[in-house]
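Understanding the architecture of this molecule
Take a look at the letters that make up each chain.
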Amino acid sequence: MEPSLSNTHLVLRLKSGDETAFKRIFELYFDRLCAFSAQFVNSWEAEEIVHETIMWLWENRESLIPDLQVKSLLFAIVKNKCLNLNKHNHIKCQILEEIKYKFSNEFENPDFYVYDDLKTAFEKALIKLPEDYREAFVLNRFHNMKYQEIAQMKNISPKTVAYRICKALEILRKELKNYHALLFLLSL
């Protein structure tokens, strides 16, 4: 795709399902959005937010307005997602403090008592994931590989890697729903 393609033409091509236009948007904005997002959140969260945002753009391409400034939209979405995540993390810390205070008299170290149960539940949930989802998740979260690296290694698109990791996270959240309070304790 030619580098001087106008924003309107790019949006029109994206609306029609042109994957080349989508790839161009990814190439133009991915690194810049990650750098921008990393000002608000840590680097792996930043990358995940950017992938979710770009995936949202593709999934909602048919409703885009041709005069829409893609750059402005992407940066606004990423900023809002980062701010929401920070707000969520702040609330999580408040809940953690309440839980620690509430249980401090009952246990010297509440993490010790719940870690084994949580670890077992997580391992069972991880095994339940479809193999492609599990593999992408493990490579990203435990081996610190970026989506692009996983895509190259598996000979798939970064969009596919992002989809698999998002789906893995959805499944894990559902499987571990009874452990949310414990996850708060162990995530610090």
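Figured I'd write up the structure that's included with this text. Because the structure is predicted, anything quoted here is derived from the model rather than measured.

1. Some points on the nonpolar core
The nonpolar side chains of a soluble globular protein tend to be buried, and buried together. Counting residues in hydrophobic clusters, the biggest one holds 27 residues, and the most contacted among them are Ile 25, Leu 33 and Leu 57. Sorting the residues of this core by element identifies helix H1 (7-15), helix H2 (19-37), helix H3 (43-59) and helix H4 (70-103) as the ones contributing at least two each. In terms of residue count, H2 provides more of this core than any other element does, nine residues in total. Ignoring sequence-local partners within four residues, the contact set of Leu 57 consists of Leu 14, Ile 25, Leu 64, Val 70, Leu 73 and Leu 74.

2. Notes on the pattern of salt bridges
For the structure shown, the criterion picks out eight salt bridges. One salt bridge connects Arg 13 with Asp 18, and the closest N-O pair in it is separated by 2.8 Å. Exposure remark for Arg 13: the relative accessible area of 23% places this residue in the partly exposed category. In this structure, Lys 167 engages Glu 170 in a salt bridge whose closest nitrogen and oxygen atoms are separated by 3.6 Å. A residue pair is termed a helical-turn pair when its members lie 3 or 4 positions apart in one helix, as Lys 167 and Glu 170 do in helix H8 (residues 158-175) at three residues. The exposure class of Lys 167 is partly exposed, given its relative accessible area of 25%. Relative accessible area serves as the criterion here: at 36%, Glu 170 is assigned to the partly exposed category.

Criteria and thresholds
- Residues numbered from 1 in each chain as written.
- Predicted model: local features only at pLDDT ≥ 70, side-chain atom pairs only at ≥ 80, totals over all residues.
- Heavy atoms only, no water.
- Core = buried A, V, L, I, M, F, W, Y, C linked by side-chain atoms within 4.5 Å.
- Buried < 20%, exposed > 50% of the residue type's maximum accessible area, 1.4 Å probe, protein only.
- Helix = DSSP H or I, 4+ residues; strand = E, 2+ residues; numbered from the N terminus.
- Contact = heavy atoms within 4.5 Å.
- Salt bridge = Lys/Arg side-chain N within 4 Å of Asp/Glu carboxyl O.

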